[in-house]
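Here is how the chains run, residue by residue.
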Amino acid sequence: MNKLFTPLSAGKLRLQHRVVMAPATRMRSESGGVPGDLMVEYYRQRASQGGLLIAEATAISPYANAYADAPGIFNDAQQAGWQRVVDSVHQQGGQIVLQLWHPGRQSLPELSQGHQPVAPSALLARETYGVGKRDDGGYAGKLFPLPRALLASEIDEILDAFRLSAQRAKDAGFDGVELHAANGYLPEQFLLDGSNQRQDRWGGSLANRARFLFDVLSVLTAVWGSGRVAVRISPSGIYGDMHDSDPAAKFSYVAEKLNDVGLAYLHIIEPRIVGPEDRDSTRYVDPVASRQLRAFYHGIIIAAGGFTPDAAEKMLLAGEADLIAFGRLFTSNPDLPARIRYGYPLTPYQRETFFGGDAAGYSDFPAYHQA
Ligand SMILES: Cc1cc2nc3c(=O)[nH]c(=O)nc-3n(C[C@H](O)[C@H](O)[C@H](O)COP(=O)(O)O)c2cc1C
């Protein structure tokens, strides 16, 4: 595991190793989407000297949320809660970026102050269901309702919400922000033709479809400067009923244009994953992965999705990515970088406690030396 433990600069992030914690929604905020003691402890446990954590999808607006008890970053209480998380990670010598999230048509009115979901076009995410807590009596398995198409003036309001959230993340002390443009959420809904049929400047041509993504990134870099903004994409993703007539063209265009943004990194989910699940290989059509996008994007790439430590090392040695993010393995191995480095056994993850609940199956997995 040699290459995984070599240092690297990703924009302005100075990393001591290449084992990154992938963003993972765990639905354990306190009421009002405020990170509390439970989350402070969870992220503290996963921080490592010079390592990078990507905090979970965090709502930028009270009107667009998909998961009960997912955190937000649009008011003072949420910002203060995140500041405690950030401080605890920094005290361990770790770094942490916040994933900024607008779910668009994958929002539930019950969690969004009654607002109907908004999207580029009024197109339903078929067979896409809310992820519920085990005990919340209802969101799990609820279909997302038909969204309404955004007015151009409302798109400006959303850009403004991204700007304010990015500023709050900065004020909370984060090391950067990652735009969630993967897994069928709003930026990807604009990009792909299965979810965007607009004829105005936000739809039609490739440049128009990508406009929202790049406008959000320019808002974020206006707040943060270069080298501290990142973006996550899932170029072969189908989660959220996403489809497109030519994903390879869309994502190679995006990857090439990202060279001009001055990102910290481009984060790519590999084709073998759909949202939080392994992918059914029969639906594995025309995959676009880091390997292909490397030819278009010349900066730092994080690859994520189904990695074992061996596969991660191989990917780095093949030069197909610079950093590897681990999702599920980090849930049950708080000291994952050390376990990989020293070859300690890995604790299997517990799917039943992924979404919602208390410390059980969340912050009660011991580090190897405590076990
Ligand atoms: C419980 C859980 C929650 C997740 N939440 C998010 C999220 O908030 N944002 C995101 O971009 N991906 C999310 N994902 C996807 C992971 O970041 C990652 O891409 C996926 O788990 C595949 O990586 P792995 O095979 O290492 O687990 C989630 C995955 C899991 C298992």
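Residues numbered from 1 in each chain as written. Predicted model: local features only at pLDDT ≥ 70, side-chain atom pairs only at ≥ 80, totals over all residues. Heavy atoms only, no water.

Caption draft 1: Inspection of the overall build of the protein at higher detail. Of the regular secondary structure elements, the protein holds 10 helices and 14 strands. In terms of overall dimensions, the protein has a C-alpha envelope of 55 × 45 × 40 Å along the principal axes. Within the span of the protein, comprising 371 residues, buried residues form 60% of the whole. Residue pairs at least 24 apart in sequence account for 75% of intrachain contacts in the protein once pairs closer than 6 positions are excluded. Here the protein displays about 14100 Å² of accessible surface, and carbon together with sulfur accounts for 50% of that area. (Helix = DSSP H or I, 4+ residues; strand = E, 2+ residues; numbered from the N terminus. Buried < 20%, exposed > 50% of the residue type's maximum accessible area, 1.4 Å probe, protein only. Contact = heavy atoms within 4.5 Å. Areas by Shrake-Rupley, 256 points an atom, 1.4 Å probe, with all protein chains shown as cover.)

Caption draft 2: Quick look at the side chain of Asp322. Mapped onto the secondary structure, Asp322 falls in the loop between helix H8 (309-317) and strand S14 (323-326). A polar atom in the side chain of Asp322 sits 2.9 Å from the side chain of Arg294. Side-chain polar atoms of Asp322 contact the backbone nitrogen of Ile301, separated by 2.7 Å. Discounting residues that sit within four places of it in the chain, Asp322 has contacts with Leu8, Arg18, Arg294, Gly299, Ile300, Ile301 and Leu316. (Polar contact = N/O pair within 3.5 Å; in protein donor to acceptor, adjacent residues only side chain to side chain.)

Caption draft 3: The arrangement of the packing of helix H3 (residues 152-171) against helix H5 (residues 206-224) in detail. Following both chains from N to C, one finds H3 and H5 inclined at 35 degrees, their axes separated by 9 Å at the closest point. Crossing geometry of H3 relative to H5 is assigned as right-handed. On the side of H3, the interface is formed by Ile155, Ile158, Leu159, Phe162, Arg163, Ala166, Gln167, Ala169 and Lys170, while H5 contributes Phe212, Asp215, Val216, Val219, Leu220, Val223 and Trp224. Within the contact of H3 with H5, the residues separate by chemical class into 12 nonpolar, one polar and three charged. (Axes fitted to C-alpha atoms, helices over the stretch in contact; angles between N-to-C directions. Left-handed = near helix turned anticlockwise from the far one by under 90°. Nonpolar A, V, L, I, M, F, W, Y, C, P; charged D, E, K, R; others polar.)

Caption draft 4: Spatial organisation of the site of the ligand. Neighbouring the ligand are 19 residues; Pro23, Thr25, Arg232, Gly306 and Arg328 lie closest to it. Between a nitrogen atom of the ligand and a side-chain N or O atom of Gln99, the distance comes to 2.8 Å. His180 places a polar side-chain atom, nitrogen or oxygen, 3.1 Å from an oxygen atom of the ligand. Considered on its own, the ligand offers 610 Å² of accessible surface; in the complex 96% of this is hidden by protein. Its residues placed into classes, the shell around the ligand shows nine nonpolar, eight polar and two charged. (Near = heavy atom within 4 Å.)

Caption draft 5: The arrangement of the environment of Glu256 in detail. In this structure, Glu256 sits in helix H6 (residues 247-258). On the basis of relative accessible area, Glu256 is assigned to the partly exposed category, the value being 46%. When the C-alpha atoms of Glu256 and Met39 are compared, they prove to be 36 Å apart, with 217 residues separating the residues in sequence.

Caption draft 6: Focus on the packing of aromatic side chains. Enumeration over the complete set of coordinates arrives at 12 aromatic pairs. Aromatic ring contacts, followed pair by pair, group Tyr42, Tyr43, Trp82, Phe174 and Tyr362 into a single cluster. Across the ring face of Trp202, the terminal group of Arg201 is positioned such that the distance to the ring centre comes to 5.2 Å. For the cation-ring pair, Lys257 lies above Phe214, with the distance from its terminal atom to the ring centre recorded as 4.9 Å. (Phe/Tyr/Trp six-rings, centres within 6.5 Å; stacked < 30°, edge-to-face > 60°. Lys NZ or Arg CZ within 6 Å of the ring centre and 35° of its normal.)

Caption draft 7: Fine view of the nonpolar core. In this structure, Tyr43 and Leu217 are the most contacted members of the largest nonpolar core, which totals 78 residues. The greatest single-element share of this core, amounting to 10 residues, is contributed by H5. Apart from residues lying up to four places away in sequence, Tyr43 is in contact with Met21, Leu53, Ala55, Glu56, Trp82, Val85, Val89 and Ile96. Of all hydrophobic cores here, the second largest spans 17 residues; its members include Leu8, Leu15, Ala230 and Ala264. (Core = buried A, V, L, I, M, F, W, Y, C linked by side-chain atoms within 4.5 Å.)

Caption draft 8: Just the side chain of Asp175, in detail. Summarising the element assignment, Asp175 is placed in the loop between H3 and strand S8 (176-181). As a buried residue without a salt bridge, Asp175 has its nearest oppositely charged side chain in Arg228, at a separation of 4.5 Å. (Lys, Arg positive; Asp, Glu negative; His and termini not counted. Salt bridge = Lys/Arg side-chain N within 4 Å of Asp/Glu carboxyl O.)

Caption draft 9: The arrangement of H6 in detail. Taking 1.5 Å per residue, 12 residues should reach 16 Å; H6 reaches 16 Å between its end C-alpha atoms and fits that length. The complete set of buried residues in H6 reads Pro247, Lys250, Phe251, Ser252, Val254, Ala255 and Leu258. The inward-facing, buried residues of H6 abut helix H4 (186-191), H5, strand S9 (229-233), strand S10 (265-269) and helix H7 (290-293). (Expected span 1.5 Å × (residues − 1).)

Caption draft 10: The pattern of salt bridges, seen in detail. For the coordinates displayed, the defined rule picks out 12 salt bridges. Between Arg84 and Asp37 there is a salt bridge; the shortest N-O distance is 2.6 Å. Highlighted residues: Arg84 in helix H2 (residues 76-91) and Asp37 in helix H1 (residues 37-46), separated in sequence by 47 residues. Among the salt bridges present, the one from Asp322 reaches Arg294, with a minimum N-O distance of 2.9 Å. With Asp322 in the loop between H8 and S14 and Arg294 in the loop between H7 and strand S13 (301-304), the pair connects residues that are 28 residues apart, well separated along the chain. When salt bridges that share partners are traced, they join Asp193, Asp244 and Lys250 into one network.

Note that all results are geometric; they support no functional claim without further evidence.
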